[in-house]
Amino acid sequence: DVKVTQSSRYLVKRTGEKVFLECVQDMDHENMFWYRQDPGLGLRLIYFSYDVKMKEKGDIPEGYSVSREKKERFSLILESASTNQTSMYLCASSLPGTGLTRGLFFGSGTQLSVL
Amino acid sequence: EDKVVQSPLSLVVHEGDTVTLNCSYEVTNFRSLLWYKQEKKAPTFLFMLTSSGIEKKSGRLSSILDKKELFSILNITATQTGDSAVYLCAGTDNAGNNRKLIWGLGTSLAVNP
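Right, let's walk through the structure included here. All values derive from a computational prediction rather than experimental measurement.

The rules behind these values
- Residues numbered from 1 in each chain as written.
- Chains lettered and ligands numbered in written order.
- Predicted model: local features only at pLDDT ≥ 70, side-chain atom pairs only at ≥ 80, totals over all residues.
- Heavy atoms only, no water.
- Buried < 20%, exposed > 50% of the residue type's maximum accessible area, 1.4 Å probe, protein only.
- Helix = DSSP H or I, 4+ residues; strand = E, 2+ residues; numbered from the N terminus.
- Pairing = 2+ DSSP bridges.
- Axes fitted to C-alpha atoms, helices over the stretch in contact; angles between N-to-C directions.
- Phe/Tyr/Trp six-rings, centres within 6.5 Å; stacked < 30°, edge-to-face > 60°.
- Core = buried A, V, L, I, M, F, W, Y, C linked by side-chain atoms within 4.5 Å.
- Contact = heavy atoms within 4.5 Å.

1. Comments concerning the pairing of strand E1 (residues 3-7) of chain B
Residue and element names in this part refer to chain B.
Okay, so step 1: A one-sided burial pattern is seen for E1, the buried positions being Val 4 and Gln 6 and the unburied ones Lys 3, Val 5 and Ser 7.
Okay, so step 2: In this structure, E1 lies alongside strand E3 (residues 19-26), joined through five bridges in antiparallel fashion. Pairing of Lys 3 across the sheet is with Glu 26, part of E3.

Take a look at the structure:
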């Protein structure tokens, strides 16, 4: 089974802190994604990576950056955390192209609270 | 603007009931529609449907897409408490790189014993 592992289930940070959310997948997937999920707003794509060192902005990239130095690892960085970044963060991976027939594989999520 | 709308937003049923969840979509260059089940945290993939109209089944779950009316339904028969979850649907377009998934807000299903 594909496993997508997010380093933390719960995280509490202070406003202004730099925050790193880590995601590792073990199935050699090319595509990796970071979403945030908020009540009433659903899943929103922050960033997407289709290869090592490649990234594309999603729908809400402001305030975030990403890093993909190795194929299996995709990191989300909050340069200076703000209270409006309190959210559930979900990482996902997939194969390119035909990956749509198998869908995305999600990690268990990180609930981030910024105080 | 592309959009996916799910209904109802929430639903409470008793064990053994049959439920139908709805997902309507407006996606430019539509390719497929995906259903996911989200328990606690991680959404898990259920079905992928295309305009072929082929019904997908897995145990008590089934789903079909109506390409003319632009909607899909997810049926769950003989519901169990383990079916309690948020069910998400997402539309994809022909970009083919998964980046353009358009998500609905989900239907929260609670199955009471």
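2. Structural notes on the sheet that holds strand E7 (residues 61-66) of chain B
The strands making up a sheet associate through backbone hydrogen bonding, with each pair oriented either parallel or antiparallel.
Residues and elements named next belong to chain B.
Okay, so step 1: The five strands lie next to each other as E1-E3-E8-E7-E6, forming an open sheet whose pairing is antiparallel. Two strands bound the open sheet, and with one partner strand each, they are E1 and strand E6 (56-58). With strand direction ignored, the average angle separating the axes of adjacent strands in the sheet is 15°.
Okay, so step 2: Pairing geometry for E7 and strand E8 (residues 71-76), over six bridges, is antiparallel. Counterpart to Ser 63 in the pairing with E8 is Leu 74.

3. Here we look at the packing of aromatic side chains
Okay, so step 1: What the rule picks out here adds up to 11 aromatic pairs over all chains.
Okay, so step 2: For the pair Phe106(A) and Trp103(B), a centre-to-centre distance of 6.0 Å together with 70° between the ring planes defines the contact as edge-to-face. Residue Phe106(A) is found in strand E10 (residues 105-106), and its partner Trp103(B) is found in strand E10 (residues 102-103); the two belong to separate chains.
Okay, so step 3: When the ring of Tyr36(B) is compared with that of Phe45(B), the centres are 5.8 Å apart and the planes differ by 70°; the resulting orientation is edge-to-face.
Okay, so step 4: What makes Tyr36(B) buried here is its relative accessible area of 0%.
Okay, so step 5: By relative accessible area, which is 27% here, Phe45(B) ends up partly exposed.
Okay, so step 6: The rings of Phe33(A), Tyr35(A), Phe48(A), Tyr50(A), Phe106(A), Tyr36(B), Phe45(B) and Trp103(B) are connected pair by pair, giving a single aromatic cluster.

4. Brief notes about the nonpolar core
Okay, so step 1: Of all hydrophobic cores here, the largest spans 22 residues; its most connected members are Val4(B), Tyr25(B), Leu33(B), Trp35(B), Leu74(B), Tyr87(B) and Leu109(B).
Okay, so step 2: Sorting the residues of this core by element identifies E3, strand E4 (30-38), strand E5 (43-49), E7, E8, strand E9 (85-93) and strand E11 (107-112) of chain B as the ones contributing at least two each.
Okay, so step 3: Considering every element that reaches this core, the biggest residue donor is E3(B), with four residues.
Okay, so step 4: Setting aside anything within four residues of it in sequence, one finds Leu33(B) in contact with Cys23(B), Tyr25(B), Phe47(B), Met48(B), Leu49(B), Leu65(B), Ser72(B), Cys89(B), Ala90(B) and Gly91(B).
Okay, so step 5: Listed in part, the 20 residues of the second largest apolar core include Leu11(A), Val19(A), Ile60(A) and Tyr64(A).

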